[in-house]
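Residues per chain, in single letters:
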Amino acid sequence: MAAIVDAPRIEHLREALGIGERTPRLSWRVRSAPPGWTQTAYRIDVGRDGATHSFEVESAEQVLVPWPAAPLRSRETATVRVAVRGHDGSWSAVSEPTTLEAGLLEPSDWVARPVGALWNEDPASDERRPSIVRREFEARAGLVRARLYATAHGLYEAEINGERVGDDTLSPGWTVYRERLRYYTYDVTALVRPGANAVGAWLGDGWYRGRLGWRGGFRNLYGYDLSFLGQLELTYDDGTREVIATDPSWRAAPSPILRSGIYDGEDYDAREEQPGWSGPGFDDSTWEGVSVRHRDPATLVAPTAPPVRCTEEVTPVAVLTSPSGRRIVDFGQNLVGRVRIRATGSAGSSVTLRTAEVLQDGELYTRPLRDARSTDTYTFAGRADGETWEPRFTFHGFRYVEVSGWPGDLDAAARDGAIVARVVHTDLERTGWFETSDPMLNRLHDNVVWGMRGNFVDLPTDCPQRDERVGWTGDIQVFGPTASYLFDVAGMLSGWLRDVAVEQLPDGTVPWYVPVIPARDKWTPLRPGAAWGDVATLLPWTLYERFGDLGVLDAQFDSARRWVDLMECLSGPSRLWDTGYQLGDWLDPAAPPEDPADARTDRYLVATAYFARSARTVARMAEALGRGAEAEHYHALADEVAAAFAAAYVLDDGTMTSDAQTAYALALRFDLIPDENRRSAAANRLAELVHKSGNRIATGFVGTPLVTDALSDAGRTDTAYDLLFERECPSWLYQVAMGATTVWERWDSLLPDGTVNPGTMTSFNHYALGAVADWMHRVVAGLAPAEPGYRRLRLAPRPGGGLTWASARHLTPYGEAAISWRLDGTVLHVEAVVPVGTEAILELEGRDEETLPPGTHTRTVTLPR
């Protein structure tokens, strides 16, 4: 039996249309192979320009291998196949082909200019009405390819001949627009026909010029204009190419969207629609000319990740009547997206949809939204055959929708699918699953997944519902390992890290959130803060560990090094970072609602611990990149910081100056206690603190991802399970018991009496505290990487907590790895699947460590009582 190879993958992309890399890296999975088979060589066949060239390389590598051929040219298409040779000298069959196509790789490829409405607007108003833009064009017979390259100042949806282009939404997303504006490539060959055609685009304010930020926020942060930039290229069978680009020939008119905002929702008047406006032959004589704006084409970049899409539809579970008589639709799940309605109404009548995550006293409770209006309104045109509508340029975080003005029977409409929640997020590939014998633990894991989906809307945000929704660096720093297991986030997060480097200040300060927006409080001006700024070092390392991507280390090394150099400067000879503003163990449950940074753990202990961790991580990055002198320097620096930490914060008996769970978790997990006796004493004290608290959580954003690992690493897995399975407030399962369907920002966002926490930051969809899922995957189920990219796996389940079985599956870069275990009394039954191209270290209590080759393996062991 020969090895079978899947079609190669291009970079971290699921769709290789319009890629931005001239020499894209290639990966492949060996789906199956004979027992004992190992790869010793590979051959890549590249078809381009009518010829195929083969490149044979003696190597066992199969993840992100270098592009073997000449660099791609703009618009060039190539097909790639791969075959692999085993240690026995035999070659596999050639894989199925992967077709890739380069985007516009040179600034000179762009002739399009941004175009938008000419009419005057009050730039300070939130009542600005978006525009639609269009133009007509002729296409000759013999068309073989049509591509639309599109982006906007604002958000856009394009149409050709009355048909929607693509299925993405909220494009081009949010980047540091002044430096990087994404464009998307669409294959529109099927939409263009010989003769007359038309192309047009809807526009919305989005992040570009819409309101951003809290306490009223700011508008026009990136510009005042609302503009579409599109370049439609038609290629014919005679080799000629025609370009229809946004230019002064385009026309603009007011949109039926009367108002649109990320926070506030969308108002739409169907009476203002102009049927046929994006088709040929439409009379646009009453439309105005366009204003042509400027965009440096050197700032236009291809995406490194999938776009935002609707990935699921959720139907209502109930229609409620509140004590005040209002009608509220309950979707049964806190989610992120928009509501689509289908109804028949009289011309001029309106339906209003107001969203929120929770009810209080039976009414929609909107205080946690702060200043986000979170309301959509649709005004009917009065069509007898009904009307269907969904907002285009907004999104909401919600479970409940208060519906006003519904024409007819809302209960029947909910039953018949006339009101549906459409879930939107970056369309990442799901790669990780986890399940156990405990339904509440499974619900917690589901909540983590839903929370991640809702907060990965183009960038990793903190929350999706209130007037915020920004890319907080600390949140994704702690959640990165969990995210990397659940979904293929490599392309998305490596792209976002480029913006982190762009926004980093010259002195090395990493912002609290990226992209940076101004604020009227403590977040401006920017200041360095531990755990948040450490995203520059720890997130690239996580992506390297989980995806085997050395390129992300190379791309981010300078950013990471500058962050550590800043901490070295701030600490001085003492090597203690004990000055300046710090968030510390943010949202420690003991912190008062009005001061979430007032934690039990000394904030400078947290800062110095992270200094040591990041210095060590940069040293390891340098080692992986072959930068020996820098590795030596940063290892020495990390040793100095660790010694200073121990001298300042670890007492002779192993207890700590901050006698708190987070302090011990940091010291143990970051290896900052210098001798075994004190490490053992610290672990004992941590376990004692957990039990003294009644197994209730006593950690915030910093300590929560570390505390269970600190316990299980020290042989106190039973105590970690006690913490995990506690149901009283505060705890993970308290949230589940209170009906949570996502992870909350505060441990007690909903108080035991059913009322909402009075703090001004009270989101019901934050993923940070769900970072415990990474421990669940690695320790409860027992599936972890032992080498970057899972080239070696560690299978080490640690049953406990009354669980009788657990399982985990993860789609690694090499293929699917899996483990499941079942307890029969004291007998542990384990089944493991090791993908081809890897090996696994199996660690079971009571057995010697064992190395497993690819394949399916079963083991049985009697556990000590």
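Presented here is a report on the structure given in the accompanying data block. (Residues numbered from 1 in each chain as written. Predicted model: local features only at pLDDT ≥ 70, side-chain atom pairs only at ≥ 80, totals over all residues. Heavy atoms only, no water.)

**With respect to the overall build of the chain**
To be explicit about the condition: Secondary structure elements are taken from DSSP: a helix is a run of H or I of four residues or more, a strand is a run of E of two residues or more, and numbering for both begins at the N terminus. Each radius of gyration reported is based on C-alpha atoms, and the globular scaling rule is 2.2 Å times the count of residues to the power 0.38. The cut-offs for exposure are 20% and 50% of the maximum accessible area for each residue type, with area from a 1.4 Å probe on protein chains only; residues under the lower value are buried, those over the upper are exposed, and the others partly exposed. Between two residues, a contact is recorded if the distance between any of their heavy atoms is within 4.5 Å.
Secondary structure assignment for the chain yields 15 helices and 46 strands. Taken over the C-alpha trace, the chain has a radius of gyration of 28 Å; the compact-globule value for 865 residues is 29 Å, and the two agree within 12%. Burial statistics for the chain: of 865 residues in total, 62% are counted as buried. Counting contacts in the chain only where the partners sit at least 6 residues apart, residues at least 24 apart contribute 73% of the total.

**Looking at the layout of surface pockets**
Quick reminder of the rule: Whether a set of points on the 1 Å grid over the protein atoms alone is a cavity depends on a 1.4 Å probe fitting there but being unable to get out, while an open set qualifies as a pocket with protein on both sides within 12 Å along at least five of seven lines; lining residues are those with an atom within 4 Å of a point. Grid points are joined across faces, edges and corners, and a volume is the space filled by probe spheres set on the points. Lys, Arg, Asp and Glu make up the charged group, whereas Ala, Val, Leu, Ile, Met, Phe, Trp, Tyr, Cys and Pro make up the nonpolar group; the residues left over, Gly among them, are polar.
In this model, the largest pocket occupies a volume close to 1200 Å³. In terms of lining residues, the largest pocket is bounded by 35 residues, among which E545, R613, R669, D774 and R778 are the most central. Ranked by residues supplied to the lining of the largest pocket, first place goes to helix α6 (residues 535-547) with six residues. What the second largest pocket holds in volume is close to 660 Å³. Surrounding the second largest pocket, 32 residues form its lining, E157, E159, W202, E390 and R392 being those nearest its centre. The set of elements that each furnish at least two residues to the lining of the second largest pocket consists of β13 (155-160), β15 (168-169), β26 (308-314), β28 (327-343) and β33 (387-389). In terms of residue count, the dominant contributor to the lining of the second largest pocket is β33 (three residues). Residue composition of the lining of the second largest pocket, grouped by class: 11 nonpolar, six polar and 15 charged.

**Points about the sheet that holds strand β39 (residues 783-785)**
Note on sheets: strands pair through backbone hydrogen bonds, and any given pair is parallel or antiparallel. Applicable threshold: If DSSP finds at least two bridges between two strands, the strands pair. Lines fitted to C-alpha atoms define the axes here, with helix axes fitted over just the stretch in contact, and angles between the N-to-C directions of these axes take values from 0 to 180 degrees.
Read across the sheet, four strands follow the order β39-β40-β44-β45 without closing on themselves; strand pairing throughout is mixed. At either margin of the open sheet sits one strand with a lone partner, and together these are β39 and β45 (850-852). Each adjacent strand pair in this sheet contributes to an overall mean axis angle of 30°, direction not counted. Taken together, the three bridges between strand β44 (residues 839-842) and β45 define a ladder with antiparallel strand orientation.

**Concerning the pattern of salt bridges**
The following threshold applies: By definition, a salt bridge exists where a carboxyl oxygen of Asp or Glu is found within 4 Å of a side-chain nitrogen of Lys or Arg.
Summed over the entire model, instances satisfying the criterion amount to 81 salt bridges. For D774, the salt bridge is made with R546, and the minimal N-O distance between the two is 3.0 Å. Of this pair, D774 sits in helix α15 (residues 773-781) while R546 sits in helix α6, and the two are 228 residues apart along the sequence. For the residue pair D774 and R546, the accessibility class agrees, reading buried in each case. The residue R575 makes a salt bridge to E640 at a minimum N-O spacing of 2.8 Å. Linking R575 in the loop between α7 (550-571) and α8 (603-624) with E640 in helix α9 (residues 628-649), this pair joins segments that are 65 residues apart in sequence. The buried category is assigned to R575, whose relative accessible area is 16%. Assessed through its relative accessible area of 40%, E640 is described here as partly exposed. Several salt bridges share partner residues, and in doing so they unite R546, R669, D709, D713, D774 and R778 into one network.

**Comments concerning the sheet that holds strand β9 (residues 98-102)**
Pairing is mixed in the open sheet, where five strands are placed in the order β3-β9-β8-β6-β7. Two strands in the sheet have a free side with no partner beyond their single neighbour: β3 (17-19) and β7 (51-57). The average undirected angle you get between the axes of adjacent strands in this sheet is 35°.

**Here's the deal with the side chain of E745**
What counts here: Distance and chemistry together define a polar contact, namely a pair of N or O atoms within 3.5 Å, with one atom able to donate a hydrogen and the other to accept it when in protein, and with adjacent residues in sequence counting only for side-chain atoms on both sides.
When you line up the elements, E745 lands in the loop between α14 (732-737) and α15. The class of E745 is buried, set by a relative accessible area of 2%. A polar atom in the side chain of E745 sits 2.9 Å from the backbone nitrogen of S763. Looking at E745, its side chain comes within polar contact range of the side chain of H766, at 3.5 Å. Beyond its immediate chain neighbours, meaning those up to four positions away, E745 contacts R466, L587, F701, M761, T762, S763, H766 and L769.

**A look at the packing of helix α11 (residues 676-692) against helix α13 (residues 717-725)**
Where we set the bar: Relative orientations are named as follows: roughly parallel for angles under 35 degrees, roughly antiparallel for angles over 145 degrees, roughly perpendicular for angles from 65 to 115 degrees, and oblique for any other angle. Crossings are classed by handedness, with left-handed meaning an anticlockwise turn of the near helix from the far one by less than a right angle and right-handed meaning a clockwise turn.
Put simply, α11 and α13 touch, their axes get as near as 10 Å, and they point 30° apart. The pairing of α11 with α13 is recorded here as roughly parallel in orientation. Taken as a pair, α11 and α13 cross one another with a handedness that is left-handed. Residues A687, V690 and H691 of α11 form the contact with α13, whose own contacting residues are T719, D722 and L723. Its residues assigned to classes, the contact of α11 with α13 shows three nonpolar, two polar and one charged.

**Comments concerning the nonpolar core**
Just so we agree on the cut-off: Here, the term nonpolar core denotes a set of buried Ala, Val, Leu, Ile, Met, Phe, Trp, Tyr and Cys residues that are joined through side-chain atoms within 4.5 Å.
In this structure, F456, V489, Y610, L724 and M776 are the most contacted members of the largest nonpolar core, which totals 210 residues. Per-element accounting of this core gives the leading share, 12 residues, to α8. Leave out the neighbours within four places in its chain, and M776 touches F434, L441, L444, H445, L724 and A781. One finds V133, I160, Y184 and V192 within the second-largest nonpolar core, a separate group that totals 29 residues.

**Here we look at the pairing of strand β27 (residues 318-321)**
Bridging between β27 and β28 involves four bridges; their strand directions are antiparallel. Across the sheet, residue T321 finds its bridge partner in β28, namely R327. Linking β27 to β28, which pair antiparallel, is a turn of five residues; within it G325 sits at a positive phi near 95°.

**Remarks on the packing of aromatic side chains**
Quick note on the threshold: Side-chain rings of Phe, Tyr and Trp (the six-membered ring for Trp) are treated as a pair once their centres are within 6.5 Å; stacked means planes under 30 degrees apart, edge-to-face means over 60, and tilted covers the remaining angles.
For the structure shown, the criterion picks out 39 aromatic pairs. A centroid spacing of 6.5 Å and a plane angle of 35° characterise the contact between W202 and Y268, whose relative ring orientation is tilted. Of the two residues, W202 is situated in strand β18 (residues 195-204) and Y268 in strand β23 (residues 265-269); the sequence distance between them amounts to 66 residues. Residue classification places W202 among the buried positions, given a relative accessible area of 5%. Using a relative accessible area of 4% as the deciding quantity, one classes Y268 as buried. Taken together, a centroid distance of 5.1 Å and an interplanar angle of 85° make the contact between Y378 and F380 edge-to-face. Each member of the pair, Y378 as well as F380, carries the same accessibility label: buried. Among the aromatic side chains, those forming a connected cluster through ring pairs are W202, Y268, W277, F282, W287, Y378, F380 and W389.

**Digging into the packing of helix α3 (residues 439-455) against α15**
α15 packs onto α3 with a crossing angle of 130° between their chain directions and a minimal axis gap of 10 Å. With respect to each other, α3 and α15 are oriented oblique. Residue-level inspection shows L441, L444, H445 and V448 of α3 in contact with α15, the latter providing A773, M776 and H777. Class assignment for the residues of the contact of α3 with α15 results in five nonpolar, two polar and no charged.

**Some remarks on the pairing of strand β6 (residues 39-48)**
Burial runs high along β6: eight of the 10 residues are buried. The pairing of β6 with strand β8 (residues 77-86) spans eight bridges and is antiparallel. Residue pairing for β8: Y42 is matched across the bridge by V84. Following β6, the chain reverses through two residues before pairing antiparallel with β7; D49 in that reversal takes a positive phi of roughly 55°.

**Re the environment of L486**
Summarising the element assignment, L486 is placed in helix α4 (residues 473-486). A relative accessible area of 0% means that L486 is categorised as buried. A C-alpha to C-alpha distance of 4.1 Å links L486 and G432, two positions 54 residues apart in sequence. Ignoring sequence-local partners within four residues, the contact set of L486 consists of E429, R430, T431, G432, H445, V448, V449, M452 and H777.

**Details of the environment of S680**
Examined against the element boundaries, S680 turns out to sit in helix α11. Under the relative-accessibility criterion, S680 is labelled partly exposed at 34%. For S680 and P248, which are 432 residues apart along the polypeptide, the C-alpha to C-alpha distance reads 73 Å.

**A look at unusual backbone geometry**
Omega for the bond connecting T524 with P525 falls within 30 degrees of zero, at 5°, which places this linkage in the cis form. Along the chain, P525 falls in the loop between α5 (490-503) and α6. Phi is positive for N220, close to 60°, though the residue is something other than glycine. Within the element layout of this structure, N220 appears in the loop between α1 (206-209) and β19 (227-236). By relative accessible area, N220 is classed as buried at 14%.

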